[in-house]
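This is what each chain is made of:
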Amino acid sequence: MIFGRSERGKPPVEPVTLKILVAGGFGVGKTTLVGAVSEIRPLRTEEVLTEAGRPVDDLSGVEDKHTTTVAMDFGRITLREDLVLYLFGTPGQDRFWFLWDELATGALGAIVLADTRRLEDCFAAVDYFERRSIPFVMGVNCFEGVARHPVEDVRQALDLDEGVPLVLCDARDRQSAKEVLVEVVQHALAKAAGRREPVTT
């Protein structure tokens, strides 16, 4: 099936559309993940990093980074003919956090990307989604040349709740990014189903 159309002889399928956020600290791979998995040319709001921004943009660990998202990234992926995800990548710097509330409105769930070289950079995103009861999956972006750590060690370092899925991923790889998206959809739907179940006494 082509998005928005059906095969000849079959009734058209109206896909369910779900909004997923891709969040995390500065330079963690949010724009890369959205670009790797999107079936459309992603909308990006990137600007070149300037000398004026050096006092507020901590580039330690990501010295080769030359651009930054200043509003959002947007992409789309069809998981099944009846299920389409709209992806919204959030800006990572503190000074753009005022945009998060608007981007989070109506979101089914979120991916919080983490870089093990700068784990503390994702704490604010974890806190944001926990406080708003938005289901999220922790995706540890495995950068080339960076030591990999056991999942349980990373979970402990992040002080993550046991109910929060944590997966290793490569934000550059379409299949890897897709697997994280499937994980967040399954997790969010399971949480929603749990809230709907009647309490028995």
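See above for the structure.
Residues numbered from 1 in each chain as written. Predicted model: local features only at pLDDT ≥ 70, side-chain atom pairs only at ≥ 80, totals over all residues. Heavy atoms only, no water.

1. Quick word on the overall build of the chain
A tally of regular secondary structure across the chain gives 5 helices and 7 strands. Helices (α) and strands (β) of the chain occur, in sequence order from the N terminus, as β-α-β-β-β-α-β-α-β-α-β-α. The 201 residues of the chain split such that 47% are buried. Partitioning the intrachain contacts of the chain with sequence separation of at least 6 by distance along the chain shows that 72% fall at a separation of at least 24. When the accessible surface of the chain is totalled, it reaches about 11300 Å², and 51% of it is carbon and sulfur. (Helix = DSSP H or I, 4+ residues; strand = E, 2+ residues; numbered from the N terminus. Buried < 20%, exposed > 50% of the residue type's maximum accessible area, 1.4 Å probe, protein only. Contact = heavy atoms within 4.5 Å. Areas by Shrake-Rupley, 256 points an atom, 1.4 Å probe, with all protein chains shown as cover.)

2. Notes on the packing of aromatic side chains
In total, this model carries 6 aromatic pairs according to the counting rule given. Centre to centre, the rings of Trp100 and Tyr128 are 5.2 Å apart; their planes meet at 75°, and the pair counts as edge-to-face. With Trp100 in helix α2 (residues 100-104) and Tyr128 in helix α3 (residues 123-131), the pair connects residues that are 28 residues apart, well separated along the chain. Joined through ring pairs, the aromatic side chains of Trp100, Tyr128, Phe129 and Phe136 make up one cluster. Seen from the ring of Phe143, Arg117 lies directly overhead, with NZ or CZ sitting 4.7 Å from the centre. Stacked on the ring of Tyr128, the Lys or Arg Arg132 has its end atom at 3.7 Å from the ring centre. (Phe/Tyr/Trp six-rings, centres within 6.5 Å; stacked < 30°, edge-to-face > 60°. Lys NZ or Arg CZ within 6 Å of the ring centre and 35° of its normal.)

3. Notes on the side chain of Ser176
The topology assignment puts Ser176 in helix α5 (residues 174-196). Classification of Ser176 by relative accessible area gives buried; the value is 13%. Excluding anything up to four places from it in sequence, Ser176 contacts Cys169 and Asp170.

4. Overview of the environment of Pro165
Relative to the elements of secondary structure, Pro165 occurs in the loop between α4 (151-158) and β7 (166-169). Along the sequence, Pro165 and Met138 sit 27 residues apart, while their C-alpha atoms lie 6.1 Å from each other. Other than its neighbours up to four places away in sequence, Pro165 contacts Phe136, Val137, Met138, Arg155, Glu183 and His187.

5. Quick look at α4
The set of residues buried in α4 consists of Val154, Arg155 and Leu158. What you see down the axis of α4 is that its buried residues fit within an arc of 100°, all on one side. In this structure, the buried side of α4 is in contact with α3, β6 (136-141) and β7. Where α4 terminates, the next one or two residues include Asp159, which has phi positive at roughly 55°. (Arc of directions from axis to C-beta.)

6. A short note on the environment of Val84
Residue position: Val84 is located in strand β4 (residues 83-89). Overall, Val84 belongs to the buried group, its relative accessible area being 0%. Here the alpha-carbon distance between Val84 and Glu14, two residues 70 residues apart in the chain, equals 10.0 Å.

Note that every value here comes from positions in space, so none of it alone points to a role or purpose.
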